[in-house]
Amino acid sequence: MKSAALEQLVKKIFSSEETKSQFMSDPNSVISKYDLSETEKKAVLTTHANLGLVTGNSMQMAATLRA
């Protein structure tokens, strides 16, 4: 189950070129602005590292969160 903070983060990355660019160069600086659980932070970073968050999809994120 995704939190509201995780949904906000993903929406911001996909709707703002500035945020997307910042995330691509320094994901932790963007993640730190959101109240994510450690599991959610790990899922975002793992998805980004393995698939590139901006090219991944919600099913891949959900699978990472369940793992």
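Up top is the structure these notes are about.
Analysis parameters
- Residues numbered from 1 in each chain as written.
- Predicted model: local features only at pLDDT ≥ 70, side-chain atom pairs only at ≥ 80, totals over all residues.
- Heavy atoms only, no water.
- Helix = DSSP H or I, 4+ residues; strand = E, 2+ residues; numbered from the N terminus.
- Polar contact = N/O pair within 3.5 Å; in protein donor to acceptor, adjacent residues only side chain to side chain.
- Salt bridge = Lys/Arg side-chain N within 4 Å of Asp/Glu carboxyl O.
- Buried < 20%, exposed > 50% of the residue type's maximum accessible area, 1.4 Å probe, protein only.
- Axes fitted to C-alpha atoms, helices over the stretch in contact; angles between N-to-C directions.
- Parallel < 35°, antiparallel > 145°, perpendicular 65-115°, else oblique.
- Contact = heavy atoms within 4.5 Å.
- Nonpolar A, V, L, I, M, F, W, Y, C, P; charged D, E, K, R; others polar.

Enquirer: Go over the side chain of Thr47 with me, naming the residues and quoting the values.
Expert: Along the chain, Thr47 falls in helix H4 (residues 38-51). Of the polar contacts made by the side chain of Thr47, one reaches the backbone oxygen of Ala43; its length is 2.8 Å.

Enquirer: Can you break down the pattern of salt bridges residue by residue, with the values?
Expert: On inspection of all chains with the given rule, the structure shows 2 salt bridges. Of the charged contacts in the structure, one is a salt bridge between Lys20 and Glu17, with a shortest N-O distance of 3.6 Å. You can see Lys20 and its partner Glu17 sitting in helix H2 (residues 17-25), 3 residues apart, about one turn around the helix. The exposure class of Lys20 is partly exposed, given its relative accessible area of 22%. For Glu17, a relative accessible area of 58% corresponds to the exposed category. Note that Glu38 and Lys41 form a salt bridge whose closest N and O atoms lie 3.4 Å from each other. A residue pair is termed a helical-turn pair when its members lie 3 or 4 positions apart in one helix, as Glu38 and Lys41 do in helix H4 at 3 residues. Residue Glu38 is classed as exposed on the basis of its relative accessible area of 60%.

Enquirer: Residue-level account of the environment of Ser25, with values.
Expert: Among the structural elements, Ser25 can be located in helix H2. Among the residues examined, Ser25 registers a relative accessible area of 63% and is labelled exposed. In terms of polar contacts, Ser25 uses its side chain to reach the backbone carbonyl oxygen of Gln22, at 3.2 Å.

Enquirer: Which residues make up the packing of helix H1 (residues 4-15) against H2, and what are the values?
Expert: Axis separation between H1 and H2 bottoms out at 5 Å; the angle between their running directions is 105 degrees. What the angle tells us is that H1 and H2 run roughly perpendicular. Facing Lys12, Ile13 and Ser15 of H1, the residues of H2 in contact are Glu17, Thr19, Lys20 and Phe23. Of the residues belonging to the contact of H1 with H2, the class tally is 2 nonpolar, 2 polar and 3 charged.

Purely geometric stuff here, so don't read any function into it on its own.
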